[in-house]
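Analysis of the macromolecular model
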Amino acid sequence: QNYLDNFWPDLKPAHELFDSILQARRERESESQENHGKEYPEHLPVEILEAGIKSGRYIQGTLNVNKHRAQLEAFVRLEGFGGKETG
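Residue positions are given per chain, counting from 1 as you read along its sequence in written order. With pLDDT at 70 or above as the cut-off, local features in this predicted model cover only qualifying residues; side-chain atom pairs require 80 or more to be listed or tallied, and sums for whole chains, interfaces and linings still use all residues. Hydrogens and waters are ignored; side-chain quantities use all the structure's heavy atoms.

- Per an unreviewed UniProt entry, the protein is named DI3L1 exonuclease, and its organism is Nycticryphes semicollaris.

This is the structure we're talking about:
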């Protein structure tokens, strides 16, 4: 901001771009605070997920996605099994 004010006070597009970037950054920080620092909001509360895992309704694992064929190829490695579940 200081650089633009001191060296390019009449360059309106640069000031508008800076204001736009600043506003986008503030909105992102605000969203991050609302989500308690998480980039994406949780779909289900942690308590429900933990109860579902214990009851067997949900399974817990690690999702691995092929970086070259991301929309076509992925698998879930179940914790404690060492095998692969494909889907």
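A few points about the overall build of the protein
- Helical segments are the DSSP runs of H or I of at least four residues, strand segments are the runs of E of at least two, and each set is numbered from the N terminus. Along the protein, the regular secondary structure elements total three helices and three strands.
- Helices (α) and strands (β) of the protein occur, in sequence order from the N terminus, as α-α-α-β-β-β.
- Categorising residues by exposure relies on relative accessible area from a 1.4 Å probe, with only protein chains included: less than 20% of the type maximum marks a residue as buried, more than 50% marks it as exposed, and the intermediate range marks it as partly exposed. Each of the 87 residues in the protein was classed as buried or not, and the buried ones make up 5%.
- Two residues form a contact once any of their heavy atoms are found within 4.5 Å. For the protein, the share of sequence-separated contacts (at least 6 apart) that also reach a separation of at least 24 residues comes to 0%.
- The protein chains shown are the only cover counted for residues, whose accessible areas, like all others here, come from Shrake-Rupley with a 1.4 Å probe. Within the structure as shown, the protein displays about 8200 Å² of accessible surface, and the carbon and sulfur contribution to it stands at 53%.

Observations concerning the environment of asparagine 66
- Within the secondary structure layout, asparagine 66 lies in the loop between strand E1 (61-65) and strand E2 (74-78).
- Since its relative accessible area comes to 22%, asparagine 66 is described here as partly exposed.
- Of note is the side chain of asparagine 66, whose polar atom sits 2.7 Å from the backbone nitrogen of histidine 68. In the analysis that follows, any N or O atom pair within 3.5 Å is treated as a polar contact, provided that within protein one partner can donate a hydrogen and the other can accept it, and provided that, for residues neighboring in sequence, both atoms belong to side chains.

Some details on a nonpolar patch on the surface
- Within the patch definition used here, like charges are joined within 9 Å and nonpolar side chains (Val, Leu, Ile, Met, Phe, Trp, Tyr) within 5 Å, considering only residues with over 30% relative accessible area and no salt bridge. Salt bridge, as used here: a side-chain nitrogen of Lys or Arg that lies within 4 Å of a carboxyl oxygen of Asp or Glu. A surface patch of nonpolar side chains, amounting to about 470 Å² of accessible area, comprises Tyr3, Phe7, Trp8 and Leu11.
- Secondary-structure assignment places phenylalanine 7 in helix H1 (residues 2-7).
- Using a relative accessible area of 58% as the deciding quantity, one classes phenylalanine 7 as exposed.

A short note on the confidence of the model for the protein
- Residue-level confidence of the predictor is what pLDDT reports, using numbers from 0 through 100. Summarising the model, the protein shows a mean pLDDT of 84, and 83% of its residues fall at 70 or more.
- Least confident of the elements in the protein is strand E3 (residues 84-86), whose mean pLDDT is 49; most confident is H1, at 94.

Observations regarding the pattern of salt bridges
- Going through the model one piece at a time under the given rule, you end up with two salt bridges.
- Across the salt bridge formed by glutamate 73 and arginine 69, the nearest N and O atoms sit 3.2 Å from each other.

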